[in-house]
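Architecture and fold: a report
Spelled out, the chains give:
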Amino acid sequence: MKRKAFIGIDMGGTHSRLCVLDKDKNILHLEKLLTLKLISNGLIEGISSLIDENVHRLNVKVERVIIGLPATISKDRTSVLSTPNLKVDAHEFDSLVSSLESQLNCKVELERDVNLQLAYDVEALKLTDKNVIGCYVGTGFGFSVWINNDIYVGANGVAGEIGHIPYGDDGKVCGCGKKGCLETLVSGTQLKHEYESQNASYPISDFFSQQSNQSYIDRLVANLAKAIVTSVNLFDLMLSYWVEGLLT
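First things first, this report covers the structure right here in the doc.

Cut-offs used in this document
- What you see as residue numbers is a count from 1 along each chain, following the sequence as written.
- Restriction of local features to residues with pLDDT of at least 70 applies here, the model being predicted, together with a cutoff of 80 or more for giving and counting side-chain atom pairs; totals for whole chains, interfaces and linings are based on all residues.
- Side-chain calculation: all heavy atoms of the structure are included, whereas hydrogens and water are not.
- Strands here mean DSSP runs of E at least two residues long; helices mean DSSP runs of H or I at least four residues long; both are numbered from the N terminus.
- Throughout, radius of gyration means the C-alpha value; the globule benchmark is 2.2 Å times the number of residues raised to the power 0.38.
- When accessible area is computed with a 1.4 Å probe and restricted to protein chains, residues below 20% of their type maximum are described as buried, those above 50% as exposed, and intermediate ones as partly exposed.
- Contact definition: two residues touch when any of their heavy atoms are within 4.5 Å.
- All accessibility values rest on the Shrake-Rupley procedure with a 1.4 Å probe; residue burial counts only the protein chains present in the view.
- When charges are tallied, Lys and Arg are placed among the positive residues and Asp and Glu among the negative ones, while His and the ends of the chain are skipped.
- Positions of charges follow a simple convention, taking NZ of Lys, CZ of Arg, CG of Asp or CD of Glu.
- Polar contact is the term for a pair of N or O atoms within 3.5 Å; when the atoms are in protein, one must be able to donate a hydrogen and the other to accept it, and sequence-neighboring residues count only if both atoms are side-chain atoms.
- Geometry of aromatic contacts follows a simple scheme: Phe, Tyr and Trp rings, the Trp one being its six-membered ring, pair when their centres are within 6.5 Å, and the pair is stacked under 30 degrees between planes, edge-to-face over 60, tilted otherwise.
- We count a salt bridge whenever a side-chain nitrogen from Lys or Arg sits within 4 Å of a carboxyl oxygen from Asp or Glu.
- Only buried residues count toward a nonpolar core, which is a set of Ala, Val, Leu, Ile, Met, Phe, Trp, Tyr and Cys residues joined through side-chain atoms within 4.5 Å.
- Here, expected helix span is obtained from the residue count minus one, scaled by 1.5 Å.
- At least two bridges found by DSSP between two strands are what make those strands a pair.
- Axis definition: a line fitted to C-alpha atoms, over the contacting stretch in the case of helices. Angles run 0 to 180 degrees between N-to-C directions.

Moving on: the overall build of the protein. The helix and strand inventory of the protein stands at six helices and 11 strands. A compact globule built from 248 residues would reach a C-alpha radius of gyration of about 18 Å, and the protein, at 19 Å, matches this within 12%. For the protein, the C-alpha atoms occupy an extent of roughly 60 × 45 × 30 Å along the three principal directions. By residue count, 44% of the 248 residues in the protein fall in the buried class. Put simply, 55% of the contacts in the protein that link residues at least 6 apart link residues at least 24 apart. Within the structure as shown, the protein displays about 13,200 Å² of accessible surface, and the carbon and sulfur contribution to it stands at 52%. Here the protein carries 24 positive and 30 negative side-chain charges, and the mean point of each set is 3 Å from the other.

Shown next, in the form of structure tokens:
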């Protein structure tokens, strides 16, 4: 008899991760791969093949799949409205859920990656009865809100897109296509642009240890602090803060 399993996929702007859990939350498999490699033959083909390969290798029956994305997601969690930090057209997601549900005969759901991260954090830190915000710096600037024992998604399912408020550099185009979003000041993408503009001889992992970068680092931290403090003041919440992916 096949074991029951649950699959989670985290698609980031740079890397994607897959995790397979059994019903007791034991990790059966965990892997990390480049997002560009995953989608090289098409989004649906890449995700479908990745899941199929592991399902057969582990000999499991999938009960549910959830895919975390740096994107705005429809209220029903079945389609993507915008993917500013993924090199994938949002319309490629239109039939992803239905295709996977047909393939696996189980429920498949899309979710903002920061919502999943904050849900994990409040559970791990035993804050589920508190009101919490999460600020996560990766390829972009992720933001999520936990209120009344659940993630707050808003009237249309897209609450929390603070990375795209018009508080940024009006001379820079954001990944969403607009100018002046917060992510033009605070994001891993902008940090990478700064590094590449230097034609540096050191690896990007050493960026924060270079004295010559101190002025840029000070501005980055100041803008990040302003965004976080503004959010705290708006919501009057506790704070969950995690910086991830700046140098990976």
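Having put the structure on the table, let's press on.
Along the polypeptide, N54 turns up in helix α2 (residues 43-58). Of note is the side chain of N54, whose polar atom sits 3.3 Å from the side chain of H29. Those residues in contact with N54 that sit more than four places away from it in its chain are L18, H29 and E31.

Inspection of every chain in the model, using the stated rule, returns three aromatic pairs. For the ring pair Y195 and Y202, a centre distance of 5.6 Å and an interplane angle of 65 degrees mean the geometry is edge-to-face. Each member of the pair, Y195 as well as Y202, is classed as buried. When the ring of F207 is compared with that of Y216, the centres are 5.8 Å apart and the planes differ by 80 degrees; the resulting orientation is edge-to-face. As far as the burial class goes, F207 and Y216 line up, both buried. What links up through ring pairs into an aromatic cluster is the set F207, F208 and Y216.

Now for the pattern of salt bridges. Following the criterion strictly, the structure yields six salt bridges and no others. When the shortest N-O distance is used, the salt bridge between E161 and R112 registers 3.2 Å. With a gap of 49 residues between them, E161 in the loop between β10 (150-151) and α5 (188-197) and R112 in strand β7 (residues 107-112) connect regions that are remote in the sequence. Looking at E161, the relative accessible area reads 25%, which means it is partly exposed. With relative accessibility at 2%, the residue R112 sits in the buried group. Across the pair K192 and E196 runs a salt bridge whose closest N-O atoms are separated by 4.0 Å. One end of the pair is K192 and the other is E196, both in helix α5 and four residues apart, which spans about a single turn.

The next point concerns the nonpolar core. Judged by nonpolar contacts, the single largest core of 34 residues is most densely connected at I7, M11, I47, I51, V65, I67 and L69. At the level of elements, β1 (3-11), β2 (15-22), α2, β4 (60-69), α3 (96-104) and β7 are the ones that each hand at least two residues to this core. The biggest single contributor to this core is α2, with six residues. Non-local contacts of I47, meaning those with residues more than four positions away in its chain, are made with I9, M11, L38, I67, L96 and L100. Judged by nonpolar contacts, the second largest core, of 12 residues, contains V186, L224, A227 and I228.

Helix length check: helix α6 (residues 214-235) (22 residues) gives 32 Å between terminal C-alpha atoms against 32 Å at 1.5 Å per residue, within 8%. Just beyond α6, the residue with positive phi is D236, at close to 55 degrees.

Below, the discussion takes up the pairing of β7. Remark: a regular strand shows side chains that alternate across the two faces of the sheet. Within β7, five of the six residues are buried, which leaves it mostly tucked inside the rest of the structure. Bridge count between β4 and β7: six bridges; the pairing is parallel. Looking at the pairing, G68 lines up with E111 of β7.

Turning next to the side chain of S48. One can find S48 in helix α2. Ignoring any residue separated from it by four or fewer positions in sequence, one finds S48 in contact with L100 and Q103.

The next thing to look at is the sheet that holds β7. Spatially, the five strands line up as an open sheet ordered β3-β2-β1-β4-β7, and their pairing is mixed. Only two strands of the sheet have a single partner each, and these edge strands are β3 (27-34) and β7. Strand-to-strand twist across the sheet, computed as the mean angle between neighbouring axes with direction ignored, equals 15 degrees. Examined bridge by bridge, β2 and β3 share seven bridges and lie antiparallel to one another. Within β3, the position partnered with L18 by the bridge is E31. Contacting β4 and β7, α3 crosses the sheet at an angle of about 145 degrees to β7. Relative to β7, helix α4 (residues 113-124) is tilted by about 90 degrees, and along the sheet it contacts β1, β4 and β7.

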